[in-house]
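Residues per chain are reported as follows:
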Amino acid sequence: MTQPLKLRRVPAGNSFLRRLSADRPARAVYVALALLIVLGWLLFALDGGRFLSQENIVGIQQRSAALGIVAIGQTLVILAGSLDLSVAYLISLTSLVAAEIMAGADANVPAAVAAVLAVSALTGLVNGLIVTRLRVHAFIATLGVALIIRGALDERYDGPAGGVPESFQHLGYDRVGPFPVSALLWAAVGACAWLLLSRTRLGYRIYAVGGDAEVARLSGVRTERVVVAVHVLCSVCAGIAGLLLASRLGAGAPTVGTDGGYDLESIAAVVLGGTALAGGRGGVAGTVGGVLLLAVLDSIFNQLEVNSFAKDVVRGVVLVAALAIHARRRRTA
Amino acid sequence: MRRALPIFVVLAGLLVAIAIANPYFLEPPAFLAFVKRAAPLVILAAGQYFVIVSGEFDLSVGSLVTAEVVIAARLIDGSAAATWPVLGLLIVVGALIGLVNGIVTTLLRVPSFITTLGTLLILSGAVFLWTGGAPRGALSPQFRELGRGSLGPVPWSVLILVAVAAAAIYAMRAGFGHTLVATGDNDRAAALSGVRVARVRTAAFMISGLSAAVAAILLGGFAGVSAQVGQGLEFQAITAVVLGGVALGGGRGSVVAAMAGAFTLEALFTLLNLYGISGALEPAVQGVIIIAAVALGAVNLPRSRAAAAP
């Protein structure tokens, strides 16, 4: 397993592109993405549509922004060897918190954003502390927190609630040229996470803890703090996604997170991007590729008007096949 | 066994609490009704235990249960004659899905979390694609007898549960069980000592698939046909297994404790209902209790790990 690491060609320069191409798992997903785009272009052409039309490209970005933001948070958690199954309910919760506090008034927007960030950071803190202090496996800990949030949502809400002022809806619908604001937000979150992982001490520690927590601890890393930090960051990402979805819906909805399947889908996107589920290997670039892959697949389905159940089947096959090919490459490399 | 003790204490406590709120609960009819209600989850938990103790996950059981019930309804369509062949088919389908999960996980080296997530998507999509969006057809009364009916005073599902439990305990005491635990604890060491790791793990996935088929047969009879019948069961089964003190990641825990975990979860639901905490707050209370139970169970962990170290 360690052999490929030694054999890896060390890039001579230090340029951004060289660094990106050194991230091999991410390269695989971009090759797959390129192939899928060619396939999509062909299928669109046969179907009488234009794949590279502005409408379609904007649509792909719109659809992938929320999942993309959640998946970036999920990447951090998975890299540190943990997991977060609570993001879907947290997204619903934060969308409601945002819409309820805004209550349709412009003046309340800053307060609502602050509240959402506080609620999500707190949830992440709770997740992280349960995992580290109480030593509950992240799978069970975050599942439990998800159930708690679900109970609170079921108790208080039957349907959409609150209201988002028009000024805040710009976040969900406006665009700068061919780039929707939501996609720019996604890019900003991604860039922050990339900087965090590649340039900061915390980033290196995340890889160290995910690679081997015991070795990291013996090398003087306070592993518990790192795990708590990634859980907080992941939940904050979910909170940002909640804000985005609230601005799109114009209200908060108790089912917006679970309907999107953001918990399992974000994990799927991370793993598609070549990040190891056990932690310690991978990165943000791969995750962005994984999310785009899912979104392009979706846009092809929409163009061909594929039945939504067939979509699930194809998605499942793609997920397993991609991972199988990836595992094969890693072994033969 | 020391590791499994807490779950039996918790289970006993919950049963006493239920009995205090409802004195009839401990009389045979009411208690058998409780066991009958718990049977599908207990069987699923037993199946999930085999996968978890071998170091893997099976997220596909919930949608497998839904798929099996929907397939049964569509194929039987109310006819008594079709009942037995379809029952046989369901068992075969369960084992087959388990075989696919196992082969993809072991031979293609896809993490089981992803393999079974893929199976989940494929199964739920394929079944509704086939039936056109909603379950169609109906189960025959003979089919439903297994989930609803009883032999004398004892429900069929309780008898099936006892048989499944006996088989599971026997399997874990036999050589298979030992190699399974060894695989989950350290698959490299197990492989070097001659365990065919891929084969053992695939067998574990097949057992989980089979248990999902049996649970589906009972649930179909008990609750009838719906598209939601298996929803969330995978998480409930995994939770039950972990409540029983079985370590995620494999190699530790007993199947009896895993089944006790499932009973505990069901007793918890019953208790919450009795005290009127039904519906909305139920998941929240469940979440708190699951975290608390696992946290309490984990307190002993460092000591036992230190003892295991050379």
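Residues numbered from 1 in each chain as written. Chains lettered and ligands numbered in written order. Predicted model: local features only at pLDDT ≥ 70, side-chain atom pairs only at ≥ 80, totals over all residues. Heavy atoms only, no water.

Caption draft 1: Spotlight on the overall build of chain B. The helix and strand inventory of chain B stands at 14 helices and 2 strands. For chain B, the C-alpha radius of gyration of 19 Å lies close to 19 Å, the compact-globule estimate for 310 residues. Counting across all 310 residues of chain B, residues that qualify as buried make up 54%. Considering only contacts in chain B between residues 6 or more positions apart, those separated by 24 or more positions represent 78%. (Helix = DSSP H or I, 4+ residues; strand = E, 2+ residues; numbered from the N terminus. Rg over C-alpha atoms; globule rule 2.2 N^0.38 Å. Buried < 20%, exposed > 50% of the residue type's maximum accessible area, 1.4 Å probe, protein only. Contact = heavy atoms within 4.5 Å.)

Caption draft 2: Structural view of the overall build of chain A. Scanning chain A for helices and strands turns up 16 helices and 2 strands. C-alpha atoms of chain A, sized along the principal axes, occupy 60 × 55 × 35 Å. Each charge class in chain A was averaged separately, 28 positive and 20 negative side chains, and the resulting centres sit 18 Å apart. (Lys, Arg positive; Asp, Glu negative; His and termini not counted. Charge placed at Lys NZ, Arg CZ, Asp CG, Glu CD.)

Caption draft 3: A positive patch on the surface, seen in detail. Residues and elements named next belong to chain A. On the surface, a cluster of positive charge is made up of Arg-201, Arg-205, Arg-222 and Arg-225. Mapped onto the secondary structure, Arg-225 falls in helix H12 (residues 223-249). The class for Arg-225 is exposed, based on a relative accessible area of 56%. (Patch = residues over 30% accessible without salt bridge, like charges linked within 9 Å, V, L, I, M, F, W, Y side chains within 5 Å. Areas by Shrake-Rupley, 256 points an atom, 1.4 Å probe, with all protein chains shown as cover. Salt bridge = Lys/Arg side-chain N within 4 Å of Asp/Glu carboxyl O.)

Caption draft 4: Inspection of the side chain of Thr-94 of chain A at higher detail. Secondary-structure assignment places Thr-94 of chain A in helix H5 (residues 87-102). Residue Thr-94 of chain A is classed as buried on the basis of its relative accessible area, which comes to 0%.

Caption draft 5: Representation of the interface of chain A and chain B within the structure. Across the boundary between the two partners, chain A contributes 39 residues, which contact 39 residues of chain B. Taken over both partners, the interface formed by chain A and chain B buries close to 3300 Å², and the fraction arising from carbon and sulfur atoms is 84%. Considering only the side of chain A, the residues that lose the most area to chain B are Phe-139, Ile-140 and Phe-309 of chain A, jointly responsible for 18% of the buried surface there. Taken together, the links from chain A to chain B amount to 0 salt bridges. For the side of chain A that touches chain B, the elements supplying multiple residues, two or more each, are helix H7 (138-156), helix H14 (262-272) and helix H16 (308-332) of chain A. Among the elements that take part in the side of chain A that touches chain B, H16 of chain A stands out by supplying 14 residues, more than any other. Tallied by class, the residues present in the side of chain A that touches chain B amount to 26 nonpolar, 5 polar and 8 charged. (Buried area = accessible area lost by both parts, 1.4 Å probe. Nonpolar A, V, L, I, M, F, W, Y, C, P; charged D, E, K, R; others polar.)

Caption draft 6: Expanded view of the confidence of the model for chain A. Looking at chain A as a whole, the pLDDT averages 86, with 91% of positions reaching at least 70. Low pLDDT, under 50, characterises residues 1-13 of chain A; the stretch is placed with 9 contacts to residues that sit more than four places away or in other chains. (pLDDT = per-residue confidence, 0-100.)

Caption draft 7: View of the pattern of salt bridges. All names here are of chain A. With the rule as written, the count across this model stands at 7 salt bridges over all chains. In this structure, Asp-298 engages Arg-315 in a salt bridge whose closest nitrogen and oxygen atoms are separated by 3.2 Å. With a gap of 17 residues between them, Asp-298 in helix H15 (residues 284-304) and Arg-315 in helix H16 connect regions that are remote in the sequence. Side by side, Asp-298 and Arg-315 carry an identical accessibility label, which is buried. Linked through salt bridges whose partners overlap, the residues forming this network are Glu-265, Asp-298 and Arg-315.

Caption draft 8: View of the environment of Ala-247 of chain B. Mapped onto the secondary structure, Ala-247 of chain B falls in the loop between helix H11 (233-243) and helix H12 (255-274). For the pair Ala-247 of chain B and Gly-55 of chain B, spaced 192 residues apart in sequence, the C-alpha to C-alpha distance is 8.8 Å.

Caption draft 9: Geometry of the nonpolar core. Counting residues in hydrophobic clusters, the biggest one holds 194 residues, and the most contacted among them are Phe-139 of chain A together with Tyr-49, Phe-50 and Phe-113 of chain B. Here this core takes 15 residues from helix H2 (residues 28-53) of chain B, the largest share from any one element. Beyond its immediate stretch of four places on either side in the chain, Tyr-49 of chain B contacts Met-172, Val-241, Val-246, Gly-253, Ser-254, Val-255 and Ala-258 of chain B. (Core = buried A, V, L, I, M, F, W, Y, C linked by side-chain atoms within 4.5 Å.)

Caption draft 10: Region of the structure containing the packing of helix H3 (residues 61-76) of chain B against helix H10 (residues 197-223) of chain B. Residues and elements named next belong to chain B. Where H3 meets H10, the closest approach of the two axes is 8 Å, and the angle between their N-to-C directions is 50°. With respect to each other, H3 and H10 are oriented oblique. Between H3 and H10 lies a crossing whose hand is right-handed. Residue-level inspection shows Val-61, Leu-64, Val-65, Glu-68 and Val-69 of H3 in contact with H10, the latter providing Ser-208, Gly-209, Ala-212, Ala-213, Ala-216, Leu-219 and Gly-220. (Axes fitted to C-alpha atoms, helices over the stretch in contact; angles between N-to-C directions. Parallel < 35°, antiparallel > 145°, perpendicular 65-115°, else oblique. Left-handed = near helix turned anticlockwise from the far one by under 90°.)

Caption draft 11: A look at the packing of aromatic side chains. For the structure on display, the rule yields 12 aromatic pairs over all chains. Here Phe-139 of chain A and Phe-235 of chain B contribute two aromatic rings whose centre-to-centre distance is 6.0 Å and whose plane-to-plane angle is 50°, an arrangement assigned as tilted. Of this pair, Phe-139 of chain A sits in helix H7 while Phe-235 of chain B is found in helix H11, placing the two residues in two different chains. Under the relative-accessibility criterion, Phe-139 of chain A is labelled buried at 0%. Look at Phe-235 of chain B and you get buried, because its relative accessible area is 18%. Both rings, one in Tyr-49 of chain B and one in Phe-50 of chain B, keep their centres 5.7 Å apart while their planes meet at 75°; by these two values the pair is edge-to-face. Note on Tyr-49 of chain B: relative accessible area 2%, which makes it buried. Every member of this aromatic cluster is reached through a ring pair, and the members are Phe-139 of chain A together with Phe-57, Phe-113 and Phe-235 of chain B. Here the basic side chain of Arg-74 of chain B rests over the ring of Trp-130 of chain B, its NZ or CZ set 4.7 Å away from the ring centre. (Phe/Tyr/Trp six-rings, centres within 6.5 Å; stacked < 30°, edge-to-face > 60°. Lys NZ or Arg CZ within 6 Å of the ring centre and 35° of its normal.)

Caption draft 12: Summary view of a nonpolar patch on the surface. Taken together, the side chains of Val-38, Trp-41, Leu-42, Leu-52 and Ile-57 of chain A present a nonpolar region at the surface, about 470 Å² in accessible area. Examining the composition of the nonpolar patch, we find that 3 residues originate from one element, helix H3 (residues 24-46) of chain A, more than from any other.

Caption draft 13: Region of the structure containing the confidence of the model for chain B. With 94% of its residues at a pLDDT of at least 70, chain B reaches an overall mean of 86. Throughout residues 299-310 of chain B the model reports pLDDT below 50, and contacts reaching past four residues in sequence, or to other chains, amount to 3 contacts.

Caption draft 14: Here's a closer look at helix H8 (residues 175-185) of chain B. Residues and elements named next belong to chain B. Those residues of H8 that fall on the buried side of the exposure criterion are Gly-177, Leu-180, Thr-183 and Gly-184. Looking down the long axis of H8, one finds its buried residues gathered within 125° of arc, a one-sided arrangement. In this structure, H8 carries Gly-175, His-178 and Asp-185 as exposed residues pointing more than 90 degrees from its buried face. Buried residues in H8 make contact with H2, helix H7 (156-173), helix H9 (187-192) and H10. (Arc of directions from axis to C-beta.)

Caption draft 15: Up close: unusual backbone geometry. One non-glycine residue, Ala-103 of chain A, lies in the positive phi region at around 45°. Among the structural elements, Ala-103 of chain A can be located in the loop between H5 and helix H6 (109-132).

Caption draft 16: Up close: helix H9 (residues 181-199) of chain A. Across its 19 residues, H9 of chain A extends 26 Å between first and last C-alpha, which sits within 8% of the 27 Å expected from 1.5 Å per residue. Of the positions making up H9 of chain A, those classed as buried are Ser-182, Ala-183, Trp-186, Val-189, Gly-190, Ala-193, Leu-196, Leu-197 and Ser-198 of chain A. (Expected span 1.5 Å × (residues − 1).)

Caption draft 17: Structural context of the side chain of Gln-48 of chain B. As for its position among the elements, Gln-48 of chain B is in helix H2. Those residues in contact with Gln-48 of chain B, other than ones at most four positions away along the chain, are Phe-57, Asp-58, Val-61, Ser-208, Glu-234, Ala-237, Ile-238 and Val-241 of chain B.

Caption draft 18: Representation of the environment of Gly-88 of chain B. Here Gly-88 of chain B lies in helix H4 (residues 83-106). The sequence separation of Gly-88 of chain B and Ser-54 of chain B amounts to 34 residues, and the corresponding C-alpha distance is 27 Å.

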